[in-house]
Amino acid sequence: MKNISKYLFLFVAAIVASSCDDYLDVKPVGKVIPETLPEFRAVLTRGYAVFPMHKSLTALRADEVLLEENSNDYVFYKDNYMWNDANPDLIATKFPYAALYNCIFYANVIINEASNKLEASAEKDQLVGEAYALRAFAYFDLVNLFAKQYDVTTANSERGVPLALEIDLEQVYKPESIAVIYEQIISDKEAAKKLLNKDTQATGLNYRFSKAALYTMESRIYLYQKQWDKALQAANMGLTINNSLVDLNTTPILPNNYDTKESIMALENTFENKLRRSAYAAPTLIDVYDKTNDLRFKLYFKTSGSEFIFLKGGELNQKNTFRTAELYLTKAEASVQLNDLATARTTILNFVKNRYNTTGFAQLSTKISAMNQIELLDFVYQERQREFATEGHRWFDLRRTTQKQIEHTLSNKTYTLIQNDPRYTLPFPLDARLNNPEL
């Protein structure tokens, strides 16, 4: 990890110097030292820009895609599709462990330097608040990729990921427990909450954190921790800022587009275009839709012979990290878990009336009113699967719920991820382990 840190330091210096040398001083030669608010904003903008595109790879590991063996990019994706983590091809696309720490490095520059150098102002508070939120989000993804799913009974003993909060090239980075990483995530989230002063970000700048984005991230954190009361409270706070949903009955557009009224934060390309061209929708995904009454189906998919190709994902205008649909479905799930079925029913009906035609909504209204707690929870899970197809949620939802068995077939050979398979957790990448014996 020390070698990675040195590389990241030189990398950030080179990038910021080359892209911002019109206003950044270089003191001494080879080291960029930002001093002003615009300079620090440029550093954080770079931090946002290097946040990696890894959610596509989670779709490969889950039950959303069928990998096309004749595609040009097949060789880059097959190992993830087979869950071959032990001995992957050298050219296999890897999960971005170092890239997430690179993003954290930029956030650390703001948190450790801008906090001390800049004069007090609302703009400074917003900047530093965004840095805390971005660092929390990067650690949240790291711990949910490279560590086991959070369990309050084992979090203190299970290994998490290394924690890097300072720019210290001599520090030895040992993995902390899952509990320690979540404590840091929550600490950073709380620091951001005290500083952020923008409820929302303007379209085009909504790759940045806002209060609405922070509340949505907070609701996701607590959902994964099974802290239902806190997840519900955070979702409600987010909905007080933005509760708009795209009504597909009147506006048949992809609801995950960055410029829709339900977009909260649009940082990530969650399903990259070359994977979209290399895969079909899996039957396990297609079969969860009411193909007649669910208005999402024809927006998300298109027939190609006997298969379905994805219409969703891969385009810049579909960058998406948080949107109001998540707040509704988190509120519904948390309410079911708290056995507040009345609130859960009301919330899910308010959501699905924007996703189904009048016939489908009438049918669902009758069904939902008769559902017990288990049935209602299962329906919410299915709605998450339908709504967030290829948006990077499914793998994490499986990890935190059933960790069900999944089968993928390549060259007439079936590969199986058994229920509760250890491969629901990714190993640290080989290059990271070679650089850091502590991993």
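In what follows, the structure referred to is the one given above.
What you are looking at is a predicted structure, and each value in this text was computed from that prediction instead of being measured.

### Quick notes on the overall build of the protein
When you go through the protein residue by residue, the secondary structure sums to 18 helices and 10 strands. Radius of gyration (C-alpha) of the protein: 22 Å, near the 22 Å computed for a compact globule of 439 residues. In terms of its C-alpha atoms, the protein occupies a principal-axis envelope of roughly 70 × 50 × 45 Å. Expressed as a percentage of the 439 residues in the protein, the buried residues total 56%. Expressed as a percentage of contacts within the protein between residues at least 6 apart in sequence, the contacts between residues at least 24 apart total 71%. As displayed, the protein offers around 18,200 Å² of accessible surface, 50% of which is attributable to carbon and sulfur atoms. Charge separation in the protein, taken as the distance between the mean sites of 50 positive and 54 negative side-chain charges, equals 1 Å.

### Regarding the pairing of strand β7 (residues 307-310)
By the alternation rule, side chains of β7 split into F308 and F310, which are all buried, and E307 and I309, of which none is buried. With four bridges connecting them, strand β6 (residues 301-304) and β7 associate as antiparallel partners. Within β7, the residue paired with T303 across the bridge is F308. The turn joining β6 and β7, which pair antiparallel and follow one another in sequence, is formed by two residues; a positive phi near 65° is taken by G305.

### What to know about helix α9 (residues 228-241)
Over its 14 residues, α9 extends 20 Å from the first C-alpha to the last, a length consistent with the 20 Å expected when each residue adds 1.5 Å. When α9 is considered as a whole, its buried residues turn out to be W228, A231, L232, A234, A235, G238 and L239. The arc that holds every buried residue of α9, seen down its axis, measures 165°, which confines them to one face. In α9, the exposed positions that point more than 90 degrees away from the buried face belong to D229, Q233 and T240. In this structure, the buried residues of α9 make contact with α8 (211-224) and α13 (324-337).

### Observations concerning the packing of aromatic side chains
Scanning the model with the defined rule gives 24 aromatic pairs in all. Look at F140 and Y182: their rings are 6.3 Å apart centre to centre, the planes differ by 90°, and that puts the pair in the edge-to-face class. Residue F140 is found in helix α6 (residues 122-146), and its partner Y182 is found in helix α7 (residues 178-195); the two are separated by 42 residues along the sequence. Y182 carries the same exposure label as F140, and that label is buried. Following the ring pairs from residue to residue traces out a cluster consisting of F271, Y289, F297, Y300, F301, F308 and F310.

### A closer look at the packing of α8 against α9
At a minimum axis separation of 8 Å, α8 and α9 run at an interaxial angle of 160°. In terms of axis orientation, α8 runs roughly antiparallel to α9. Between α8 and α9 the crossing geometry is left-handed. The segment α8 lies against α9, with K211, A212, Y215, E218, S219, Y222 and L223 engaging W228, K230, A231, A234, A235, M237, G238 and I241.

### Examining the pattern of salt bridges
Per the counting criterion, the structure on display carries 32 salt bridges. Among the salt bridges present, the one from E387 reaches R296, with a minimum N-O distance of 2.8 Å. Of this pair, E387 sits in helix α16 (residues 373-387) while R296 sits in helix α12 (residues 296-300), placing them 91 residues apart in sequence. No difference in accessibility class separates E387 from R296, as the two residues are buried. One salt bridge connects D421 with R423, and the closest N-O pair in it is separated by 3.0 Å. On the basis of relative accessibility, which here comes to 27%, the residue R423 falls in the partly exposed class. Each of E262, D294, R296, K312, R323, R355, E383, R386, E387 and E391 takes part in one network of salt bridges that share partners.

Calculation rules
Residues numbered from 1 in each chain as written. Predicted model: local features only at pLDDT ≥ 70, side-chain atom pairs only at ≥ 80, totals over all residues. Heavy atoms only, no water. Helix = DSSP H or I, 4+ residues; strand = E, 2+ residues; numbered from the N terminus. Rg over C-alpha atoms; globule rule 2.2 N^0.38 Å. Buried < 20%, exposed > 50% of the residue type's maximum accessible area, 1.4 Å probe, protein only. Contact = heavy atoms within 4.5 Å. Areas by Shrake-Rupley, 256 points an atom, 1.4 Å probe, with all protein chains shown as cover. Lys, Arg positive; Asp, Glu negative; His and termini not counted. Charge placed at Lys NZ, Arg CZ, Asp CG, Glu CD. Pairing = 2+ DSSP bridges. Expected span 1.5 Å × (residues − 1). Arc of directions from axis to C-beta. Phe/Tyr/Trp six-rings, centres within 6.5 Å; stacked < 30°, edge-to-face > 60°. Axes fitted to C-alpha atoms, helices over the stretch in contact; angles between N-to-C directions. Parallel < 35°, antiparallel > 145°, perpendicular 65-115°, else oblique. Left-handed = near helix turned anticlockwise from the far one by under 90°. Salt bridge = Lys/Arg side-chain N within 4 Å of Asp/Glu carboxyl O.

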